[in-house]
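# Observations on chain architecture
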Amino acid sequence: MGLDLTKFGPGLKAYYSNQRVENMTYKDYPFYAMVPKKKDFFGKNYPLPIQIGNPQGRSKTFAKAKANQTSSVYKDFTLTRVKDYSLATVDNETAEASENDKGAFLKALTNEIDSAIKSMSIAMASAVYGDGSGVIGQIGAISANVITLVEPDDVVMFDVGQSIVFAAAKSTGGLRAAGAKLVVTAVDRSAGKISFDANIATIAGVVVNDYMFVDGDRNLAMAGLAAWLPFVAPTAGDNFFGVDRSVDPTRLAGVRFDGSALTIEEALVKGLTLCNREGGNPKLVFMNYTDWSNLELALGSKVQYMVTQAFGRAGIGFQGIQIKTNKGVANCVADPFCPKGYAYGITMESFALYSLKEPVRILDLDGNKLLRASDDDAVELRVGGYFNLGCDAPGHNVVIKL
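These numbers were taken from a predicted model, which means no experiment stands behind them.

## Brief notes about the overall build of the protein
Of regular secondary structure, the protein possesses 10 helices and 21 strands. Burial statistics for the protein: of 402 residues in total, 45% are counted as buried. Of the contacts made within the protein by residues no fewer than 6 positions apart, 74% connect residues no fewer than 24 positions apart. Counting only carbon and sulfur atoms, one obtains 51% of the accessible surface of the protein, whose full area is about 19,000 Å².

## Description of the sheet that holds strand E5 (residues 135–143)
As summarised here, the arrangement of the 6 strands in space is E5-E6-E9-E8-E7-E10, forming a closed barrel in which the pairing is antiparallel. Adjacent strand axes in the sheet meet at a mean angle of 50 degrees, parallel and antiparallel pairs treated alike. Bridge analysis of strand E6 (residues 146–149) against strand E9 (residues 193–196) gives 3 bridges, and the strand direction is antiparallel. For Ile147, the partnering residue across the bridge sits in E9 and is Ile194.

## Some thoughts on helix H10 (residues 289–299)
Every buried residue of H10 is accounted for by Asp291, Trp292, Leu295 and Leu299. Within H10, the buried residues cover an arc of 105 degrees as seen down the axis, which keeps them to one side. Buried residues along H10 sit in contact with helix H9 (264–277), strand E12 (284–287), strand E13 (305–309), strand E14 (317–325), strand E15 (328–334) and strand E16 (342–346). Residue Asn288 occupies the N-cap position of H10, its side-chain oxygen lying 2.7 Å from the main-chain nitrogen of Thr290. Gly300, located one to two residues past H10, shows a positive phi value of around 55 degrees.

## A closer look at the packing of aromatic side chains
Here the structure, examined in full by the defined rule, presents 15 aromatic pairs. An angle of 45 degrees between the planes, with centres 5.6 Å apart, marks the rings of Tyr29 and Phe337 as tilted. You can see Tyr29 sitting in the loop between helix H2 (18–26) and helix H3 (30–34) and its partner Phe337 sitting in the loop between E15 and E16, a full 308 residues away along the chain. In this pair, the class of Tyr29 matches that of Phe337, namely buried. An aromatic cluster of at least three residues, connected via ring pairs, comprises Phe31, Tyr129, Phe286, Tyr344 and Phe351. One cation-aromatic arrangement involves Arg81 over Phe41; the distance from NZ or CZ to the ring centre is 4.8 Å. Its end group placed over the ring of Phe240, Arg245 keeps NZ or CZ at 3.9 Å from the ring centre.

Cut-offs applied
- Residues numbered from 1 in each chain as written.
- Predicted model: local features only at pLDDT ≥ 70, side-chain atom pairs only at ≥ 80, totals over all residues.
- Heavy atoms only, no water.
- Helix = DSSP H or I, 4+ residues; strand = E, 2+ residues; numbered from the N terminus.
- Buried < 20%, exposed > 50% of the residue type's maximum accessible area, 1.4 Å probe, protein only.
- Contact = heavy atoms within 4.5 Å.
- Areas by Shrake-Rupley, 256 points an atom, 1.4 Å probe, with all protein chains shown as cover.
- Pairing = 2+ DSSP bridges.
- Axes fitted to C-alpha atoms, helices over the stretch in contact; angles between N-to-C directions.
- Arc of directions from axis to C-beta.
- Polar contact = N/O pair within 3.5 Å; in protein donor to acceptor, adjacent residues only side chain to side chain.
- Phe/Tyr/Trp six-rings, centres within 6.5 Å; stacked < 30°, edge-to-face > 60°.
- Lys NZ or Arg CZ within 6 Å of the ring centre and 35° of its normal.

Structure below.
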């Protein structure tokens, strides 16, 4: 008897257990792998209370202590979810041609499913560093249908087949040409160049320094490290998950340190020390691969390596370089999606990826992992998640400009 979708469903469910999906999504992406996962984001939002001030009824004079008494100062980040989806489709002919061979069908189907999960995991692993705008690159130069990126290392954000839209600003104003898109046809990963299916000039108004986004992502991405720990301190009128962080930009929006005039080792030590002063104790520092190699070369014979395991995930660990601080040792780990020129010193217990069930999973609320495509001779599987990054002590973390 042939293998139909009903018979194959249980096997597919067992093959893509939550543990297997976790292992597929966390490998090679240090911050995304290491950040604690809280999978109880039910309801409309998730309150993250934070205390930024102690009671001030204190004085060496009792009358003054009583007269000037204040209560503790609390703020409450009201975290909301964002969504992400990745679809896998196998055409019916391929499915039917292999329906008497379970192995062949499994291979045809799982290759597409694995790739869909991989696509979403890359999006997640990069978004945890983002500012919520969804930007994946900035135009440095334009030549016909080819764009050279301002930062060549941002090439890791691009893949052949992506649909890209453009805007003059990260999050304000509209998209160029009302959201007209171009499709990536080639990626030169050595030169940081992206080729498209048409001349860039076909999208009216696109110029050098414009920003690029995957179609449908702009201003809908999670609030990553660049949002929680902005290098430019928030000013009056800031509204970040319902909080004006300008009242205490350090405790509400993290520590900032400009070490660009120092050696990379000095910048890291001084930035981490400043964070220690504020009560933080970052044991992990996430860096771009280029910056990590510069640190390794700068330390020379003094370099010492260490491995940090991904919390709660046996077998997933990341080797880094030790940096000593006045509160112990921090492990500097290379992450492909950390923006070049910046390092994030993280007190990991202050962060979590809050999600509604698993952050990346096969969406099967009706019990069906495979669906018949309504507009194609094919079967479709949907990978998705509902989540956001949250922090209950931003001031215990630091962003360092290198």
